[in-house]
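# Understanding the architecture of this molecule
Spelled out from the first residue to the last, the chains are:
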Amino acid sequence: MPKGLLRPVGVSGTNDVRDVRLVQMYLNSFAGSFAPLALLDEDGLIGTKTIAAIKHFQRNAVGMRYPDGRVDPEGKTFRYLTMYFSEVEQNAVEQVLVGASPKNQPEPVSNETVNAKAGLNNLIVSYGDIASERRIVDPYSIEVIKLALKESGMNRAVITSTFRTPDQQARIMLKNGKKDLKAQFRLYGANGDKVLRVYADNKSKSDDEIVELMKNAIVRLGQSGQRVSKHCVGTEEYKKLNIFDIGVNSTRAVCKGFNIKKFTSCLNDLVSEGYIEKLIDETGKSNSCWHIEIKPNKKPLQEYAKGSILKPIKYVSEG
Amino acid sequence: MHKLVLAALLVVVNSACAQNNEALDCKYTDRVIEDIAIPLDGKLVEKRESVDPNSDEPVYTYTILFQNQDSMKVEQKFCDMYNMSVTYRMKHLDRKEFDASLNRIKQIADNAKQDYQLKAPLSAIVDMTMNQRGLSLGAAFDVGLPSQAASSNENVEHSVSFKPLPTSEAYAAELGFYFGIGGE
């Protein structure tokens, strides 16, 4: 059970360091989801920036016409700040607070140190058939995947998909729609169906015209927060949340010690540890991949040391 | 909540649906609850089974009437994905009725027992989304809900729509909710 906010934060609040830091962390979790809310230093110190961010949140998310700049433990502002966090996720946030007190905080470790100490240097995460401009998975995310490789006793992973622009998404949907439109209607949700209907209604037009119409439909949907595919995001959004697939067959073809179950189990452990935001195990589906979403630099990589960030390899379960 | 289980009443299985499930090798077939539980103040007035002409997916459609004369149409469509669409027609429109309608919709979504759990009341999630996008009940909208608003081990797509019905004599407004899991 999360403890939540213990005392008021903001204008005329008690502003205990722990509580201010908690509010700063929750405010930062909304950064980028509605502009312009800049990232705050999570230092536990109340100041004009934090109060301005509270007011911004109250005005634009809570819907307060006259924001008071104060977050109360049982108030609507705190309820809305934590709305997208399950109890487990709130506990995880509060654990970070405990771990981050000066006496408990570990020294930051560079990627180079993590690599050297853990022997990650010999592990390779490469791209499959992906255009160079779409090879933008953050080095942090690559390190996280290397941890899963290390833990599962594998040496290589191949990224087979990153993000798609609306134009690329439209071309893929047109190409596949021409092969089997009904299968595409089954594969996509309501948003994808709207785009497929554009194709269905305009079959007499040229491919370029259809792609343009489908692309426009994808862009319009995106403007109202409706995503056609989990891979169809803008580059700026992508930098905040890396979304990519690791292909089973591409990885199997180049990897020593390939083991689907162990690798899946290690990825799941990295989800539990908070390094991976979302893992969708699609190894049993036709696209045969691990769909992974990672927020770059969300949680510092700790020194791998003698044992393991997760578990010693011999104890890695095969699920 | 009182659950009205309709299994005894609705034993007629549409053979076309069953055949389609087999022909398409639909992975969601065994995971769909055919007879969803109806909220206490609602009454099921119709259930239909059909096939989506665009995709050949089986579709279960339920029409529910509420004591306050609101009506709800729930559609479960499934094969490679599970899709639930709800169309809720409100007799009277004000903020309280709007929130109550969203709560009824959430009950239906919860009763579907899929790998999809909203982390907060739907009315609160919709309220925050409306605030962030500057929307009001004065005009129609159709917007995606944030992916982080739901827990699931699968790919999730969800959205809410609203439109006033000024020319309708029966209803003041229509509210739509959709969630889909799996798929692309």
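Residues numbered from 1 in each chain as written. Chains lettered and ligands numbered in written order. Predicted model: local features only at pLDDT ≥ 70, side-chain atom pairs only at ≥ 80, totals over all residues. Heavy atoms only, no water.

Here the focus is the packing of aromatic side chains. Residues and elements named next belong to chain B. If you walk through the whole model with that rule in mind, you get 15 aromatic pairs over all chains. Both rings, one in Tyr-82 and one in Phe-179, keep their centres 5.7 Å apart while their planes meet at 40°; by these two values the pair is tilted. Placement of the pair is Tyr-82 in strand S4 (residues 81-90) and Phe-179 in strand S9 (residues 173-182), with a sequence separation of 97 residues. Look at Tyr-82 and you get buried, because its relative accessible area is 0%. A relative accessible area of 0% places Phe-179 in the buried class. Here the aromatic cluster, defined as three or more aromatic residues joined through ring pairs, consists of Tyr-28, Tyr-82, Tyr-116, Phe-177 and Phe-179. The residue whose ring lies beneath Lys-47 is Tyr-60, and the NZ or CZ to ring-centre distance is 5.1 Å. (Phe/Tyr/Trp six-rings, centres within 6.5 Å; stacked < 30°, edge-to-face > 60°. Helix = DSSP H or I, 4+ residues; strand = E, 2+ residues; numbered from the N terminus. Buried < 20%, exposed > 50% of the residue type's maximum accessible area, 1.4 Å probe, protein only. Lys NZ or Arg CZ within 6 Å of the ring centre and 35° of its normal.)

To continue, consider the packing of helix H9 (residues 190-201) of chain A against helix H10 (residues 207-223) of chain A. Residue and element names in this part refer to chain A. One can describe the packing of H9 onto H10 by two numbers: an axis separation of 9 Å at closest approach and a directional angle of 155°. Relative to H10, H9 is oriented roughly antiparallel. Read as a crossing pair, H9 and H10 show a hand that is right-handed. Here H9 contributes Asn-191, Lys-194, Val-195, Val-198 and Tyr-199 to the contact with H10, which in turn contributes Ile-210, Leu-213, Met-214, Ala-217, Ile-218 and Leu-221. Its residues assigned to classes, the contact of H9 with H10 shows nine nonpolar, one polar and one charged. (Axes fitted to C-alpha atoms, helices over the stretch in contact; angles between N-to-C directions. Parallel < 35°, antiparallel > 145°, perpendicular 65-115°, else oblique. Left-handed = near helix turned anticlockwise from the far one by under 90°. Contact = heavy atoms within 4.5 Å. Nonpolar A, V, L, I, M, F, W, Y, C, P; charged D, E, K, R; others polar.)

Residues and elements named next belong to chain B. Spatially, S1-S2-S3-S4-S9-S8-S6 is the arrangement adopted by the seven strands of the open sheet, whose pairing is antiparallel. At either margin of the open sheet sits one strand with a lone partner, and together these are strand S1 (42-51) and strand S6 (141-144). Pairwise comparison of adjacent strand axes, ignoring direction, gives a mean angle of 10° for this sheet. Sheet topology places strand S8 (residues 156-164) next to S9; nine bridges connect them, and they run antiparallel. Residue pairing in the sheet places Val-156 in a bridge with Ile-181 of S9. Where helix H2 (residues 95-111) meets the sheet, it contacts strand S2 (58-66), strand S3 (71-78), S4, S6, S8 and S9, and its direction lies at approximately 150° from that of S4. In the packing of helix H3 (residues 122-133) onto the sheet, the strands contacted are S6, S8 and S9, and the crossing angle to S6 comes to about 105°. (Pairing = 2+ DSSP bridges.)

Before going further, it helps to examine the environment of Lys77(B). Relative to the assigned elements, Lys77(B) resides in strand S3. Between the alpha carbons of Lys77(B) and Glu57(B) there is a distance of 6.4 Å; along the sequence they are 20 residues apart. If near-sequence neighbours (up to four positions away) are discounted, Lys77(B) is found in contact with Asp193(A), Asp52(B), Glu57(B), Pro58(B), Val59(B), Tyr82(B) and Asn83(B). Within polar-contact distance, the side chain of Lys77(B) engages the side chain of Asp52(B) at 2.8 Å. (Polar contact = N/O pair within 3.5 Å; in protein donor to acceptor, adjacent residues only side chain to side chain.)

What follows deals with the interface of chain B and chain A. Counting residues at the interface gives 38 residues for chain B and 41 residues for chain A. Contact with chain A buries surface across chain B, with Asn54(B), Met128(B) and Glu184(B) losing the most and accounting together for 24% of the total. Linking chain B with chain A are six salt bridges, by the criterion used here. With a shortest N-O distance of 3.0 Å, Lys182(A) and Asp56(B) are connected by a salt bridge. Counting the contacts that link chain B with chain A gives 22 residue pairs in polar contact (both at pLDDT 80 or more). (Buried area = accessible area lost by both parts, 1.4 Å probe. Salt bridge = Lys/Arg side-chain N within 4 Å of Asp/Glu carboxyl O.)

A few words now on the sheet that holds strand S6 (residues 278-282) of chain A. Residues and elements named next belong to chain A. Read across the open sheet, the five strands follow the order S3-S4-S5-S7-S6; overall the sheet is mixed. With one partner strand each, in any of the chains shown, strand S3 (124-127) and S6 form the two edges of the open sheet. Ignoring which end each strand starts from, the neighbouring axes of this sheet average 30° apart. Inspection of the sheet shows S3 paired to strand S4 (residues 156-161) by four bridges, in the parallel sense. Note on S4: the bridge partner recorded for Ser-126 is Val-158.

What follows covers helix H2 (residues 48-62) of chain A. For H2(A), which comprises 15 residues, the first-to-last C-alpha distance of 20 Å matches the rise-based estimate of 21 Å (1.5 Å per residue) to within 8%. What H2(A) keeps buried is the set Thr50(A), Ala53(A), Ile54(A), His56(A), Phe57(A), Gln58(A), Ala61(A) and Val62(A). Structurally, H2(A) contributes buried residues whose contacts are with strand S1 (9-10), helix H1 (17-29), strand S2 (70-71) and helix H3 (76-81) of chain A together with H3 of chain B. (Expected span 1.5 Å × (residues − 1).)

Here the focus is the side chain of Ser159(B). Along the chain, Ser159(B) falls in strand S8. Of the residues examined, Ser159(B) reaches a relative accessible area of 10% and is grouped as buried. Dropping the residues within four chain positions of it, Ser159(B) is found in contact with Gln226(A), Val143(B), Gly144(B), Leu145(B), Gly176(B), Phe177(B) and Tyr178(B).

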